[in-house]
Amino acid sequence: MKKDDVVRTGYNKIAAKYNATRGQFRNETELEYFISLLPKEARILDAGCGTGVPVAKFLVDRGYSVTGIDFSTSMLNLARQQVPEAEFLKGDMTKLTFPANSFDGIVSTYAIIHVPKEKHATLYKNFYRVLKPGGVLFFSTGPDEWEATENYMGTTMFWSHPPKETSLALVKKAGFEIIRDEVLKRGGETHYWIFARK
Ligand SMILES: C[S@@+](CC[C@H](N)C(=O)[O-])C[C@H]1O[C@@H](n2cnc3c(N)ncnc32)[C@H](O)[C@@H]1O
């Protein structure tokens, strides 16, 4: 099975289980900082939005216009139920077809860790393209180099990421100016978070 298919099939299988445990990862502090960098009427893309909580929900509750994209139908079904105010589209975030300059902000939490690392440069370039000038990108990836296919919540799952120095270099190479980057432990897991501006 292709790497992407492992991830999509896996999340289709565990969507309800994932949704039930998602609350342990608290990112309110980071999300508050993200929105402090955005204009009032911002249009935001949630890339790899999963089941819509807590991220899309946090943003629509504060009045933002949110579009979520994910390639797992089961995750999207839960997102549409839980956050009816947002728009949810089925698609691959490595192949975004939105016009250039579409969004004021892009958020992607715990999702880029599942994108094969050879696609990360293209992913960040495409995020840059669809953000408006001055737009803000906020995302997590892994802190260390790792690639594996392992059991996760009773299904087979794939992860892939370069070391954080490479992720930072790729984001800069895509054209972004770094606002802040840090390794944070949330919900018992350690991830690398970047805030960057177009
Ligand atoms: C760990 S979940 C995180 C979901 C959500 N962002 C959150 O914070 O709860 C990872 C999500 O990324 C999605 N995903 C992974 N690779 C993707 C891709 N290339 N395109 C679209 N969605 C993807 C998966 O389907 C899954 O819903």
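These numbers were taken from a predicted model, which means no experiment stands behind them. (Residues numbered from 1 in each chain as written. Predicted model: local features only at pLDDT ≥ 70, side-chain atom pairs only at ≥ 80, totals over all residues.)

## Details of the overall build of the chain
- The helix and strand tally for the chain stands at six helices and nine strands.
- For 198 residues, the compact-globule estimate of 2.2 N^0.38 gives 16 Å, and the chain sits close to it at 15 Å.
- For the chain, the spread of C-alpha atoms along the principal axes amounts to about 40 × 35 × 30 Å.
- When each of the 198 residues of the chain is scored for burial, the buried share is 42%.
- Taking contacts inside the chain between residues at least 6 apart in sequence as the whole, the part at least 24 apart equals 67%. (Helix = DSSP H or I, 4+ residues; strand = E, 2+ residues; numbered from the N terminus. Rg over C-alpha atoms; globule rule 2.2 N^0.38 Å. Buried ≥ 20, exposed ≤ 12 C-beta atoms within 10 Å, placed from the backbone. Contact = placed C-beta atoms within 7 Å.)

## Focus: the packing of helix α1 (residues 3-21) against helix α4 (residues 73-82)
- Viewed as axis vectors pointing N to C, α1 and α4 meet at an angle of 35°, and their least axial separation amounts to 7 Å. Of the residues in α4, those in contact with Y11, N12, A15 and N19 of α1 are T73, S74, M75 and L78.
- In terms of residue class, the contact of α1 with α4 is built from four nonpolar, four polar and no charged. (Axes fitted to C-alpha atoms, helices over the stretch in contact; angles between N-to-C directions. Nonpolar A, V, L, I, M, F, W, Y, C, P; charged D, E, K, R; others polar.)

## As for the site of the ligand
- Around the ligand, a shell composed of 21 residues is seen, among which G48, G50, S72, T109 and A111 lie nearest.
- Counting residues per element, the shell around the ligand draws most heavily on α1, which supplies three residues. (Near = placed C-beta within 6 Å.)

## Some details on the environment of P39
- In this fold, P39 is placed in the loop between α2 (28-36) and β1 (43-47).
- In this structure P39 comes out as partly exposed when scored by C-beta crowding, with 14 C-beta atoms within 10 Å.

## Some thoughts on the packing of helix α5 (residues 120-130) against helix α6 (residues 164-173)
- Contact geometry for α5 and α6: axes closest at 8 Å, N-to-C directions at 40°. One finds that α5 runs oblique with respect to α6. Relative to α6, α5 is oriented so that their crossing is right-handed. Touching H120, A121 and Y124 of α5 are S167, L170 and V171, all from α6. (Parallel < 35°, antiparallel > 145°, perpendicular 65-115°, else oblique. Left-handed = near helix turned anticlockwise from the far one by under 90°.)

## Focus: the sheet that holds strand β9 (residues 189-197)
- One open sheet accounts for seven strands, arranged β3-β2-β1-β4-β5-β9-β8; its pairing is mixed. The open sheet is flanked by β3 (87-90) and β8 (177-186), the only strands paired with a single partner. Adjacent strand axes in the sheet meet at a mean angle of 15° when their direction is disregarded.
- Here strand β4 (residues 103-108) runs beside strand β5 (residues 131-141); their pairing, made up of five bridges, is parallel. (Pairing = 2+ DSSP bridges.)

## Things to note about the pairing of strand β7 (residues 155-161)
- Both strand β6 (residues 146-152) and β7 contribute to a ladder of seven bridges, which runs antiparallel. Paired with E147 across the strands is S160, a residue of β7.

## Some thoughts on α5
- The set of residues buried in α5 consists of H120, L123, Y124, N126 and F127. Mapping the buried residues of α5 onto a view down its axis gives an arc of 160°, with all of them on the same face. (Arc of directions from axis to C-beta.)

## A short note on the environment of I179
- With respect to the helices and strands, I179 occurs in strand β8.
- Assessed through the 15 C-beta atoms surrounding it within 10 Å, I179 is described here as partly exposed.
- Along the primary structure I179 and S167 are separated by 12 residues, whereas in three dimensions their C-alpha atoms are 14 Å apart.
- Beyond its immediate chain neighbours, meaning those up to four positions away, I179 contacts L37, F195, A196 and R197.

## Here's the deal with the pairing of strand β2 (residues 65-70)
- By the bridge criterion, five bridges tie β1 to β2 in an arrangement that is parallel. Paired with D46 across the strands is G68, a residue of β2.
- Considered for its hand, the β-α-β crossover made up of β1, helix α3 (residues 55-61) and β2 is right-handed.
- Two elements, β2 and β3, share four bridges in a ladder whose sense is parallel. Counted as the bridge partner of D70 is K90 from β3.
- In this view, the connection linking β2 to its parallel neighbour β3 by way of α4 has right-handed handedness. (Right-handed = clockwise from strand over helix to strand, strands pointing away.)

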